[in-house]
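Take a look at the letters that make up each chain.
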Amino acid sequence: MAENKVVHAAQRAAFSVAIDAAIKAVRGKGTEHMTEEAVKLINLAEPLLSKRYKASAFDAARKFVQDPNGKWMEYAYRAINEIDPHILKMNVLNLGYEGMFSGYNYVMELRKKYDCNMPWILLFDPTASCNLHCKGCWAAEYGKTLNLTYEEMDKLVTEGEELGIHWYMCTGGEPMCRKNDLLKLAAAHQNSVFHLFTNGTLIDEEFCKEVQKVGNMAFFISIEGIGDATDDRRGKGVFDKVMHAMDLMQKYGLLYGTSICYTSQNYKAVTSDEFIDMLISHGVRFNWYFHYMPIGDGANVDLMLNAEQREYMIHRVREIRGLTGGKQIFCIDFQNDGEYIDGCIAGGRQYAHINPAGDVEPCVFIHYSNANIHEKSLLECLQQPLFKEYHKGQPFNHNHLRPCPMLENPEFLGEMVKRSGAHSTDMQQPESTQDVFNRCRPYAQQWTPAAERIWAEEHPDCGSCTACSK
């Protein structure tokens, strides 16, 4: 990396010591002991982030942690006391210092150097195999024989770390079908974190013990609701298996949350008090909500939300995670939280996706590419024509409630694919951008008036901004 390796090692050591001290000072001793340790961590982070945030932001953060009885301080206290100390430290150190601070700063340097998008998060599919066959699962389209070898994954992560990327998310397929290789990968790359999107049914006690040892892993467990709501899509008995997996993970102090696809049929169920309280009682720390995307030959447009339903999701998720009230669980809505990340983050702007055939795609939901890791280096793949089109086009809309070049602005995807010469990476049946456009255009048309109204209400001064051209 560009920064001096000696300085980097010293900074990492300082954060490591501070995190150890914070855990030791707080664990089992009450929330009042958290304030001093939290301030120390903020003070350590400030010099590394001074170019990205004003001093007032750090002052606000220090003020925020002054209330030991606040909702999020109580949330942090529970996490410190319930998560295995080694797992907590490795995730905070690698996701915080390596990923968000040091690594991100280097990523910013590389964006200027190469004049292209440069992610700080990589998603990759170790395998297309899965032990379940869920209704409507887009991953099943890739077939059952595709895998990235351990050597290919190791090379990918090694090249990624050289670019400042320290956050790796494993999708699929079911990544737990490759759990031994992923444990080996995490052990070999102790300066990064590996977060698995999993159905949870292959998690057993022996695996939990191994995760405790490597430390730098966490999990997003797929779930559609309580009982039959999950079993109807994933198979009879799956919900009980998921609950058993959560109980095991809670017993061993693992870090985990959920990955929830919300649809017109389940959006209220997966945001209900009953559902959220159930997850919290089973040790879940965060919910990552994903809007249903109509991709693949078997896409069902009836599962897409109407404008009223999507507006409900916007307000409900923010209510759940509010500074006060709501629940002690952190929620992210991949589609509706665009205003916090300046719209679409795909195409390497913040993340990219690599399928089990090695194709480097702009998004886990958008299956087109010009580059493959079997033929090019990761850096070369990130400089592919399609990603450069993303770089030129982002943000695709000044209204960040309409961030996506496929779902809310479907005309952009086809234009970018055509200009870049990208090809469909669907392994079962190539999908034309016109087919995607035909599915998404009616949705975009009905959502636009509501999105414009909501955005104007929440950002009344946005119309006077000269920075947006769309």
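Residues numbered from 1 in each chain as written. Predicted model: local features only at pLDDT ≥ 70, side-chain atom pairs only at ≥ 80, totals over all residues. Heavy atoms only, no water.

## Describing the sheet that holds strand S7 (residues 330-333)
Strand pairing in a sheet is mediated by backbone hydrogen bonds. Such pairs are either parallel or antiparallel. Put simply, the rule reads: Between any two strands, at least two bridges found by DSSP are needed for them to pair. Only DSSP runs of H or I covering at least 4 residues are called helices, and only runs of E covering at least 2 are called strands; the numbering of each starts at the N terminus.
A sheet is described by the order of its strands in space; here 9 strands give the open sequence S7-S6-S5-S4-S3-S2-S1-S8-S9, paired in mixed fashion. One side of each edge strand has no neighbouring strand; the edge strands of this open sheet are S7 and strand S9 (360-361). Two elements, strand S4 (residues 217-222) and strand S5 (residues 256-262), share 4 bridges in a ladder whose sense is parallel. What sits directly across from Ser 222, in S5, is Ser 259.

## Remarks on the pattern of salt bridges
As a reminder, the rule being used: A side-chain nitrogen of Lys or Arg and a carboxyl oxygen of Asp or Glu constitute a salt bridge if their distance falls within 4 Å. Buried means the residue's accessible area, taken with a 1.4 Å probe over protein chains only, is under 20% of the maximum for its type, while exposed means over 50%, and partly exposed covers the values in between.
Inspection of every chain in the model, using the stated rule, returns 29 salt bridges. Across the pair Glu 311 and Arg 453 runs a salt bridge whose closest N-O atoms are separated by 2.7 Å. Of this pair, Glu 311 sits in helix H12 (residues 307-320) while Arg 453 sits in helix H16 (residues 433-458), and the two are 142 residues apart along the sequence. Glu 431 serves as the salt-bridge partner of Arg 439, at 2.6 Å between the closest nitrogen and oxygen. For the residue pair Arg 439 and Glu 431, the accessibility class agrees, reading buried in each case.

## Digging into the pairing of S4
Along S4, 6 of the 6 residues are buried, which leaves the element largely enclosed by surrounding structure. Taken together, the 5 bridges between strand S3 (residues 193-198) and S4 define a ladder with parallel strand orientation. Residue pairing across strands places His 195 opposite Ala 218, the latter belonging to S4.

## Concerning empty space enclosed by the protein
Applied cut-off: A 1.4 Å probe that fits but cannot get out identifies a cavity on a 1 Å grid over protein atoms alone, an open set with protein on both sides within 12 Å along at least five of seven lines counts as a pocket, and a residue lines either if it has an atom within 4 Å of a point. Grid points are joined across faces, edges and corners, and a volume is the space filled by probe spheres set on the points. Classes in brief: Ala, Val, Leu, Ile, Met, Phe, Trp, Tyr, Cys and Pro nonpolar; Asp, Glu, Lys and Arg charged; the others, Gly included, polar.
Using the criterion set out here, one finds 2 cavities of 30 Å³ or more in the structure. Considered as a void within the structure, the largest cavity measures approximately 170 Å³ in volume. Lining of the largest cavity is provided by 17 residues; of these, Phe 334, Gln 335, Cys 344, Ile 345 and Cys 404 occupy positions nearest its centre. Taken together, the residues that form the lining of the largest cavity break down as 14 nonpolar, 3 polar and no charged. In this structure, the second largest cavity occupies an estimated 60 Å³ of space. Lining the second largest cavity we find Ile 295, Phe 365, Ile 366, His 367, Tyr 368, Met 406, Leu 413, Ser 424, Asp 426, Glu 431 and Val 436. In terms of residue class, the lining of the second largest cavity is made up of 7 nonpolar, 2 polar and 2 charged.

## Topic: the packing of aromatic side chains
Ring pairs (aromatic) are described by centroid distance and by the angle formed between their planes. Note the cut-off: Whether two aromatic rings pair depends on their centres lying within 6.5 Å, for rings of Phe, Tyr and Trp, where Trp uses its six-membered ring; planes under 30 degrees apart make the pair stacked, over 60 edge-to-face, and the rest tilted. Geometrically, a charge over a ring is one whose NZ (Lys) or CZ (Arg) sits within 6 Å of the ring centre while staying within 35 degrees of the ring normal.
One pass over the structure, following the stated rule, counts 23 aromatic pairs. Judged by centre distance (5.6 Å) and plane angle (80°), the rings of Tyr 267 and Tyr 312 are edge-to-face. Residue Tyr 267 is found in the loop between S5 and helix H11 (273-281), and its partner Tyr 312 is found in helix H12; the two are separated by 45 residues along the sequence. In this structure Tyr 267 comes out as buried when scored by relative accessible area, which is 12%. Residue Tyr 312 is classed as partly exposed on the basis of its relative accessible area of 31%. Judged by centre distance (5.7 Å) and plane angle (10°), the rings of Trp 288 and Phe 290 are stacked. Ring-pair connections join several aromatic residues into one group, and the members of that group are Phe 197, Phe 220, Phe 286, Trp 288, Phe 290, Phe 334, Tyr 351 and Phe 365. The ring of Tyr 150 has Lys 184 sitting right over it, with the charged end atom 4.2 Å from the ring centre. For Lys 268, the ring lying beneath its charged end belongs to Tyr 312, and the centroid distance is 5.3 Å.

## Things to note about the side chain of Gln 335
Definition in use: Here a polar contact is taken to be a pair of N or O atoms separated by no more than 3.5 Å, where protein atoms must pair a possible hydrogen donor with a possible acceptor and residues adjacent in sequence count only if both atoms sit in side chains. Here, residues are in contact when the closest pair of their heavy atoms is within 4.5 Å.
Considering the arrangement of structural elements, one finds Gln 335 in the loop between S7 and strand S8 (351-354). Side-chain polar atoms of Gln 335 contact the side chain of Glu 408, separated by 2.9 Å. Excluding anything up to four places from it in sequence, Gln 335 contacts Tyr 262, His 291, Met 293, Arg 310, His 400, Pro 403, Cys 404, Leu 407 and Glu 408.

## Points about the environment of Ile 454
With respect to the helices, strands and loops of the structure, Ile 454 is situated in helix H16. We classify Ile 454 as buried; its relative accessible area is 1%. As a C-alpha pair, Ile 454 and Asn 438 span 16 residues in sequence and 25 Å in three-dimensional space. Aside from chain neighbours lying at most four places away, what touches Ile 454 is Glu 311, Ile 314, Leu 401 and Trp 447.

## Re the packing of helix H2 (residues 34-49) against helix H5 (residues 85-114)
For the record, the criterion: Axis definition: a line fit to C-alpha positions, over the contact stretch in the case of helices; interaxial angles, taken between N-to-C directions, run 0 to 180 degrees. The labels follow the angle: roughly parallel below 35 degrees, roughly antiparallel above 145, roughly perpendicular from 65 to 115, and oblique for the rest.
At a minimum axis separation of 9 Å, H2 and H5 run at an interaxial angle of 25°. Between H2 and H5, the angle falls in the class roughly parallel. Contacts between H2 and H5 pair Ala 45, Leu 48 and Leu 49 from the former with Tyr 97, Met 100, Phe 101 and Asn 105 from the latter. The residue makeup of the contact of H2 with H5, split by class, is 6 nonpolar, 1 polar and no charged.

## Some words on the pairing of strand S1 (residues 121-124)
Each regular strand shows side chains that alternate between the opposite faces of the sheet. Residues of S1 alternate between two faces, with Ile 121 and Leu 123 on one and Leu 122 and Phe 124 on the opposite face, all of them buried. One ladder, built from 4 bridges, connects S1 with strand S2 (residues 167-170); its direction is parallel. The residue bridging Ile 121 from the neighbouring strand is Trp 167, located in S2. Here 4 bridges tie S1 to S8, and the two strands are oriented parallel to one another. Opposite Leu 123, over in S8, you have His 353 as the bridge partner.

## Looking at helix H15 (residues 410-420)
Convention followed: Relevant arc is that of directions from the helix axis to the C-beta atoms, nothing else.
Taken as a whole, H15 has its buried residues at Pro 410, Leu 413, Met 416, Val 417 and Ser 420. Seen along its axis, H15 keeps its buried residues to an arc of 125°; they face one direction. Turned more than 90 degrees away from the buried face of H15, the exposed residues are Lys 418 and Arg 419. Two residues or fewer past H15, Gly 421 is found with a positive phi of approximately 75°.

## Observations concerning the confidence of the model for the protein
Using the following cut-off: For every residue, the pLDDT score states the predictor's confidence, bounded by 0 at the bottom and 100 at the top.
When pLDDT is averaged along the protein, the result is 92, and 94% of the positions lie at 70 or above. Predicted confidence is poor over residues 464-469, with pLDDT under 50, and the contacts of this stretch with residues over four places away or in other chains come to 1 contact.

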